[in-house]
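# Coordinate analysis (summary)
Listed below, chain by chain, are the residues.
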Amino acid sequence: MDITPQVKDFVAQSGHKSGLVAVYCPHTTAAVSVNENDDPDVKGDLLYHLKKTIPQSPEFKHYEHNADAHIKAVLTGLSQVFIVEEGKLQLGRWQGVYFLEFDGPRDREVWLKFIPG
């Protein structure tokens, strides 16, 4: 899920012109990532590769049967930190901020924190 607009809105509403914004996922089967935001096939390719590389397996011992989702979250990361200059989120030309769901749909949160600088 592309959450770039929500992060940009948070930065704009913060009133700060310079600093860092931390984007944090407080879940163990989801993640936050940065990737290309132009070609929607990139998202599908990424998720396809993760599913193929780390499929569900009867060999996993976790009782909830979602160990694959925990592993994907560890590999992709729970947080990202972005630079803010002149009140704008600094992303590369093709970059977007993504929430990655590996065990859902579920009710999820993403926490944002502005660190003035």
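These lines cover the structure that appears in this document, whether it is placed above or below. (Residues numbered from 1 in each chain as written. Predicted model: local features only at pLDDT ≥ 70, side-chain atom pairs only at ≥ 80, totals over all residues. Heavy atoms only, no water.)

On to the overall build of the protein, then. Counting its secondary structure elements, the protein contains three helices and six strands. From first element to last, N terminus to C terminus, the protein shows the α and β order α-β-β-α-α-β-β-β-β. Taking the principal axes of the C-alpha coordinates as reference, the protein spans close to 50 × 30 × 20 Å. Within the protein, the proportion of its 117 residues that are buried is 31%. Partitioning the intrachain contacts of the protein with sequence separation of at least 6 by distance along the chain shows that 81% fall at a separation of at least 24. (Helix = DSSP H or I, 4+ residues; strand = E, 2+ residues; numbered from the N terminus. Buried < 20%, exposed > 50% of the residue type's maximum accessible area, 1.4 Å probe, protein only. Contact = heavy atoms within 4.5 Å.)

What follows concerns a negative patch on the surface. A cluster of acidic residues, Asp38, Asp39, Asp41 and Asp45, forms a negative patch on the protein surface. Examined against the element boundaries, Asp41 turns out to sit in helix 2 (residues 40-53). (Patch = residues over 30% accessible without salt bridge, like charges linked within 9 Å, V, L, I, M, F, W, Y side chains within 5 Å. Areas by Shrake-Rupley, 256 points an atom, 1.4 Å probe, with all protein chains shown as cover. Salt bridge = Lys/Arg side-chain N within 4 Å of Asp/Glu carboxyl O. Lys, Arg positive; Asp, Glu negative; His and termini not counted. Charge placed at Lys NZ, Arg CZ, Asp CG, Glu CD.)

By secondary structure assignment, the location of Thr29 is in the loop between strand 1 (19-24) and strand 2 (30-36). The spatial distance from the C-alpha of Thr29 to the C-alpha of Ile3 is 17 Å, given a sequence separation of 26 residues. In contact with Thr29, other than residues within four places in its own chain, are Asn66, Ala69, His70, Ala73, Glu101, Phe102, Asp103 and Arg108.

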